[in-house]
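Residue-level structural notes
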Amino acid sequence: MILIKSEEEIKRIAEACRIVAETLDALKGFVAEGVSTKEIERFAEDLIKSKGGTPAFKGYKGFPASICTSVNNQVVHGIPSRVKLKSGDIVSIDLGVYYKGFYGDAAITLPVGKISGIAQKLLKVTEDALYIGVETAKVGNRVSDISNAIQRHVESNGFSVVRAFVGHGIGKLLHEEPQIPNFGPPGRGPRLREGMTLAIEPMVNTGGHDVVVLEDGWTAVTADGSLSAHFEHTVALTDGNVRVLTKSS
Ligand code: MG
């Protein structure tokens with residue numbers, strides 16, 4: 001069942017989302033060559049807690065860290081480690097916050113130092129695909145209209161969308177219905193309604209769409225070793241508009 005949120009509930013979700021956005025903004029200035037993903041996790045966790053929030057991923061289904069950090073060919077759910085980032089890397093940071101009973105969720109992929117032309121294109125295409133998905137999340141459209149718009153943008157740029165992980169509803173739970181795939185024909189699935197809160201999150205590979213989960217049980221990597229990026233926003237459908245709740249200031 002898709003839960004429709006009241007104005008008050010959306011206000012509370014927006015507060016959790018503001019902590020997510022502020023933390024991701026701060027990370028843009030922190031991520032650099034020589035910084036480890038473990039240090040990124042520590043920085044993010046301290047900031048989230050200083051704002052009164054709780055990192056939502058820690059312990060979620062047993063996930064061992066506060067945030068997900070996925071480097072280069074890692075798609076999602078990378079576990080922070082002591083390995084230092086180097087120039088040319090890209091790092092996806094996925095971050096969820098629990099605040100006063102509600103969740104916010106967003107992800108960005110950041111360049112480290114000087115990155116290749118294809119990596120630059122990957123980041124742009126993935127972020128643009130997210131915004132195309134967001135614009136398609138209009139009241140009256142169907143869920144798979146979002147999926148189709150994202151897939152068409154990605155594939156027309158020669159990249160592929162990951163099938164194994166999808167976007168989702170969000171609110172009192174981190175993952176609610178509906179599931180929002182980043183691929184598929186338009187015009188399918190539930191109709192989008194006023195009061196829905198959704199996390200839209202394209203994951204895009206420069207190579208094929210297949211992924212493999214490593215022995216740690218979490219880290220998903222591209223099957224062909226190609227690069228992968230991930231951008232995500234939590235949005236609310238209110239007043240006939242799509243409002244991005246995790247927008248960067
Ligand atoms: Mg999510």
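These lines cover the structure that appears in this document, whether it is placed above or below. Keep in mind that this is a model prediction, so the values were computed, not measured.

What counts, and where the lines are drawn
- Residues numbered from 1 in each chain as written.
- Predicted model: local features only at pLDDT ≥ 70, side-chain atom pairs only at ≥ 80, totals over all residues.
- Heavy atoms only, no water.
- Salt bridge = Lys/Arg side-chain N within 4 Å of Asp/Glu carboxyl O.
- Helix = DSSP H or I, 4+ residues; strand = E, 2+ residues; numbered from the N terminus.
- Buried < 20%, exposed > 50% of the residue type's maximum accessible area, 1.4 Å probe, protein only.
- Donors = N, O, S within 2.8 Å, 3.2 Å for Na, K, Ca; no water.
- Core = buried A, V, L, I, M, F, W, Y, C linked by side-chain atoms within 4.5 Å.
- Contact = heavy atoms within 4.5 Å.
- Axes fitted to C-alpha atoms, helices over the stretch in contact; angles between N-to-C directions.
- Parallel < 35°, antiparallel > 145°, perpendicular 65-115°, else oblique.
- Left-handed = near helix turned anticlockwise from the far one by under 90°.
- Nonpolar A, V, L, I, M, F, W, Y, C, P; charged D, E, K, R; others polar.
- Phe/Tyr/Trp six-rings, centres within 6.5 Å; stacked < 30°, edge-to-face > 60°.
- Lys NZ or Arg CZ within 6 Å of the ring centre and 35° of its normal.
- Pairing = 2+ DSSP bridges.

Another aspect to go through is the pattern of salt bridges. A complete count under the given rule lists 12 salt bridges for this structure. Glu22 is the salt-bridge partner of Arg18, the closest N and O atoms lying 3.6 Å from each other. Remark: Glu22 and Arg18 occur in helix 1 (residues 7-30); sequence separation between them is four residues, near one turn of the helix. The exposure class of Arg18 is partly exposed, given its relative accessible area of 45%. Overlapping salt bridges, with partners in common, bring together Arg18, Glu22 and Lys51 in one network.

Coordination of the magnesium ion by the protein involves Asp105 (OD), His168 (NE2), Glu201 (OE) and Glu232 (OE), with metal-donor separations of 2.1 to 2.3 Å. For His168, a relative accessible area of 4% puts it in the buried group. Overall, Glu201 belongs to the buried group, its relative accessible area being 6%.

Ile93, Leu95, Leu198 and Ile200 are the most contacted members of the largest nonpolar core, which totals 50 residues. Where this core is concerned, the elements lending two or more residues are helix 1, helix 2 (37-50), strand 4 (90-99), strand 5 (102-111), helix 3 (117-136), helix 4 (143-156), strand 9 (197-200) and strand 14 (233-238). Considering each element in turn, this core owes the most residues, seven residues, to helix 3. Excluding its chain neighbours within four sequence positions, the residues that come into contact with Leu95 are Val20, Thr23, Leu24, Leu27, Ala44, Ile48, Phe57, Ile67, Gly104, Asp105 and Ala106. By size, the runner-up hydrophobic cluster in this structure holds nine residues, among which are Phe57, Phe63, Cys68 and Tyr103.

Attention shifts here to unusual backbone geometry. Here the amide bond leading from Glu177 into Pro178 is cis, since omega sits at 5°, within 30 degrees of zero. As for its position among the elements, Pro178 is in strand 8 (residues 176-180). Here the phi dihedral of Asn72 falls at roughly 55°; this positive angle occurs in a residue that is not glycine. Structurally, Asn72 is set in the loop between strand 2 (68-71) and strand 3 (74-76). Taking relative accessible area as the criterion, Asn72 reaches 19% and is therefore assigned buried. At His77, a position not held by glycine, the phi torsion is positive, near 65°. Turning to its location among the elements, His77 is positioned in the loop between strand 3 and strand 4.

The description of two packed helices rests on the angle between their axes and on the distance between the axes. Where helix 1 meets helix 2, the axes come as close as 10 Å, and the angle between the chain directions of the two elements is 140°. Compared by their axis directions, helix 1 and helix 2 come out oblique. The handedness of the crossing between helix 1 and helix 2 comes out as right-handed. Contact residues: helix 1 offers Ile19, Glu22, Thr23, Ala26, Leu27 and Phe30, while helix 2 offers Glu39, Ile40, Phe43, Ala44, Leu47 and Ile48. Grouping the amino acids of the contact of helix 1 with helix 2 by side-chain chemistry returns nine nonpolar, one polar and two charged.

This model, assessed by the stated rule, comprises three aromatic pairs. Their ring planes at 85° and their centres at 5.0 Å tell us that Phe63 and Trp218 sit as a pair that is edge-to-face. Placement of Phe63 in the loop between strand 1 (54-55) and strand 2 and of Trp218 in the loop between strand 11 (211-213) and strand 12 (220-222) is noted, with a sequence separation of 155 residues between them. Arranged with centres 4.8 Å apart and planes meeting at 50°, the rings of Tyr98 and Tyr103 form a pair that is tilted. In this structure, Lys121 is placed above the aromatic ring of Phe159, and the distance from its NZ or CZ to the ring centre is 5.0 Å. The ring of Phe183 has Arg163 sitting right over it, with the charged end atom 5.1 Å from the ring centre.

Across a regular strand the side chains alternate sides, sitting on one face of the sheet and then on the other. Taking burial as the measure, the six residues of strand 14 include six buried ones, the bulk of the element. Across the two faces of strand 14 the burial is the same, with His233, Val235 and Leu237 and Thr234, Ala236 and Thr238 all buried. Examined bridge by bridge, strand 9 and strand 14 share four bridges and lie antiparallel to one another. Within strand 14, the position partnered with Ala199 by the bridge is Thr234. With four bridges connecting them, strand 14 and strand 15 (residues 241-244) associate as antiparallel partners. Within strand 15, the position partnered with Leu237 by the bridge is Val242. Linkage of strand 14 to strand 15, two consecutive antiparallel strands, is achieved through a turn of two residues, within which Asp239 is found at a positive phi near 50°.

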